[in-house]
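A closer look at the structure
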2 protein chains.
Amino acid sequence: MIFEEKTISSEIAYTGPVFRIRKHLVETPGGQSIRDIVEHSGGSILVAVTDEGKIVMERQYRKALESPFMELPAGKADPNEEPEITAVRELAEETGYTAGKVKHLVSFYPTCGYSNEHLHIYICRDLVKGETHWDKDECIEIMEFSADELITMILNGEIEDGKTIIGILFARQAGEI
Amino acid sequence: MIFEEKTISSEIAYTGPVFRIRKHLVETPGGQSIRDIVEHSGGSILVAVTDEGKIVMERQYRKALESPFMELPAGKADPNEEPEITAVRELAEETGYTAGKVKHLVSFYPTCGYSNEHLHIYICRDLVKGETHWDKDECIEIMEFSADELITMILNGEIEDGKTIIGILFARQAGEI
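Calculation rules
Residues numbered from 1 in each chain as written. Chains lettered and ligands numbered in written order. Predicted model: local features only at pLDDT ≥ 70, side-chain atom pairs only at ≥ 80, totals over all residues. Helix = DSSP H or I, 4+ residues; strand = E, 2+ residues; numbered from the N terminus. Buried ≥ 20, exposed ≤ 12 C-beta atoms within 10 Å, placed from the backbone. Least-squares fit on C-alpha atoms with pLDDT ≥ 70 in both. Contact = placed C-beta atoms within 7 Å. Core = buried A, V, L, I, M, F, W, Y, C linked by C-beta atoms within 7 Å. Domains from an automatic or database assignment. Nonpolar A, V, L, I, M, F, W, Y, C, P; charged D, E, K, R; others polar. Pairing = 2+ DSSP bridges. Axes fitted to C-alpha atoms, helices over the stretch in contact; angles between N-to-C directions. Expected span 1.5 Å × (residues − 1).

**Considerations on the overall build of chain A**
Secondary structure summary: chain A contains three helices and ten strands in total. Each helix (α) and strand (β) of chain A, taken in turn from the N terminus, gives the series β-β-β-β-β-β-β-α-β-β-β-α-α. Across its three principal directions, the C-alpha atoms of chain A cover 60 × 40 × 30 Å. Burial statistics for chain A: of 177 residues in total, 40% are counted as buried.

**Here's the deal with the relation of the copies chain A and chain B**
After a rotation of 180 degrees and a shift along the axis of 0.0 Å, chain A superposes on chain B with an RMSD of 0.0 Å. A rotation of that kind, with that shift, is consistent with a two-fold axis. The share of interface residues of chain A whose copies in chain B are also at the interface is 100%, consistent with both copies meeting through the same surface.

**Quick look at the nonpolar core**
Core analysis: the biggest nonpolar cluster contains 82 residues, and A:V47, A:A48, B:V47 and B:A48 have the highest contact counts within it. Apart from residues no more than four positions distant in its own chain, B:A48 is found in contact with B:I55, B:V56, B:P73, B:L91, B:T95, B:Y97, B:A99, B:C124 and B:L127.

**Brief notes about the domain arrangement of chain A**
Residue and element names in this part refer to chain A. Domain annotation for chain A reports domain 1 (6-39) and domain 2 (43-173). Using only C-alpha atoms to locate each centre, domain 1 and domain 2 end up separated by 30 Å. With four residues of domain 1 in contact, the opposing surface of domain 2 contributes four residues. Split by residue class, the side of domain 1 that touches domain 2 holds two nonpolar, no polar and two charged.

**Quick look at the interface of chain A and chain B**
Each partner contributes to the interface: chain A provides 61 residues, whereas chain B provides 61 residues. In terms of residue count, strand β3 (residues 31-39) of chain A provides more of the side of chain A that touches chain B than any other element does, seven residues in total. In terms of residue class, the side of chain A that touches chain B is built from 33 nonpolar, 15 polar and 13 charged.

**Observations concerning the environment of A:K129**
Along the chain, the position of A:K129 falls in strand β9 (residues 119-129). A C-alpha to C-alpha distance of 25 Å links A:K129 and A:P68, two positions 61 residues apart in sequence.

**Considering the sheet that holds strand β8 (residues 97-108) of chain A**
Residue and element names in this part refer to chain A. One open sheet holds the four strands; their spatial order is β7-β4-β9-β8, and the pairing between them is mixed. One side of each edge strand has no neighbouring strand; the edge strands of this open sheet are β7 (74-76) and β8. Geometrically, the sheet is characterised by an average inter-axis angle of 25 degrees between neighbouring strands, direction not taken into account. Pairing between strand β4 (residues 43-48) and β7: three bridges, direction antiparallel. What sits directly across from I45, in β7, is A74. Each of β4, β7, β8 and β9 touches helix α3 (residues 162-173); the most contacted strand, β9, lies at about 70 degrees to it.

**Observations regarding helix α1 (residues 83-95) of chain B**
All names here are of chain B. In this model, α1 (13 residues) spans 18 Å end to end at C-alpha, consistent with the 18 Å of a helix rising 1.5 Å per residue. Against β4 (43-48), β5 (54-62), β7 (74-76), β8 (97-108), β9 (119-129) and β10 (140-146) lie the buried residues of α1. Immediately downstream of α1, the backbone of G96 shows phi near 85 degrees, a positive value.

**Notes on the pairing of strand β6 (residues 67-71) of chain A**
Along any regular strand the residues' side chains alternate between the sheet's two faces. Two strands pair when backbone bridges link them, and strand β5 (residues 54-62) of chain A and β6(A) are joined in this way by five bridges, in the antiparallel orientation. Looking across to β6(A), one finds that A:Y61 is bridged to A:P68.

**What to know about unusual backbone geometry**
Even without being glycine, A:N80 reaches a positive phi, approximately 60 degrees. Within the fold, A:N80 resides in the loop between β7 and α1 (83-95). One non-glycine residue with positive phi stands out, namely B:E66, at about 50 degrees. Looking at the element boundaries, B:E66 is found in the loop between β5 and β6 (67-71).

**Points about the sheet that holds strand β1 (residues 6-15) of chain B**
Residue and element names in this part refer to chain B. With antiparallel pairing, three strands are arranged side by side in an open sheet as β1-β2-β3. Each end of this open sheet is capped by a strand with a single partner; those strands are β1 and β3 (31-39). The mean inter-strand angle of the sheet, taken between neighbouring strand axes irrespective of direction, is 20 degrees. As paired elements, β1 and strand β2 (residues 20-28) share eight bridges and run antiparallel to each other. Looking at the pairing, T7 lines up with V26 of β2.

Below, the structure written as structure tokens:
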């Protein structure tokens with residue numbers, strides 16, 4: 001038996017450049033409780049496969065962990081932007097590639113316990129290389145690996161980014177890479 | 001070339017029951033920028049396999065999406081708690097099971113772009129059923145599925161929780177289920 005949690009009251013408790021926090025007071029079967037929700041516009045993630053069968057990866061510094069991370073290219077949706085538009089835009093901005101074929105693979109919630117962030121993974125083929133257009137505070141290293149190399153890096157714990165693990169393992173399980 | 005982002009200043013901008021927000025002013029190659037980081041104690045996730053080869057799943061209401069979600073059992077670490085202790089505690093509290101065998105599968109960061117949350121997945125076998133001990137605001141439905149059923153639900157988009165997709169696909173890729 002699943003009980004809906006009725007909102008008694010809610011308010012914006014914090015607003016920042018990437019997300020805001022909405023604090024809810026809710027009614028649960030056990031009484032009232034606080035639910036802080038990260039409100040985030042979501043984003044899109046790219047499994048971009050070159051004509052040589054390599055997958056485009058990025059390495060960038062992540063302040064949250066004070067460390068560089070190996071990730072699939074990805075980006076935050078602009079307000080009211082369709083996920084496939086975000087995908088095509090971010091692939092071009094971050095890697096310089098445009099894709100002849102773009103196909104939706106899977107959508108998921110990375111932290112459904114406390115955030116409404118919704119992420120959408122696309123597989124891109126027929127890539128054509130152009131210029132990158134990074135945001136002024138972005139600093140990205142572009143690399144390419146075979147699918148088998150990435151699977152090995154995931155199994156070894158060398159890839160620690162959740163969206164990247166999902167993109168590669170899902171694409172492999174679906175027979176796409 | 002990866003540039004470290006030096007912190008110019010940082011402060012706690014919000015404190016709630018599950019996480020707090022630390023706002024950083026950082027130096028990037030393109031100038032100063034704001035980095036809001038969700039500070040979270042992390043947690044553990046269980047791929048608990050019964051003697052019949054079924055995997056224990058939970059269905060619970062998630063306020064962030066105003067919807068019930070199908071998930072692997074999981075829980076937040078208590079302050080300074082070791083991830084394997086969190087795993088064993090949460091398995092018992094949420095599902096009533098204790099496990100004779102507990103093995104680490106993989107650790108990952110669900111949202112490295114703006115959170116330090118670190119999640120750890122364990123596979124549990126030799127399960128013995130006992131009593132559940134839910135938090136007063138938890139309301140959970142326990143279900144069991146075969147690994148093949150869960151893989152199909154992931155490929156069909158019926159399972160949308162990121163940590164659950166990683167747990168099942170990683171365990172399958174590693175030959176554990």
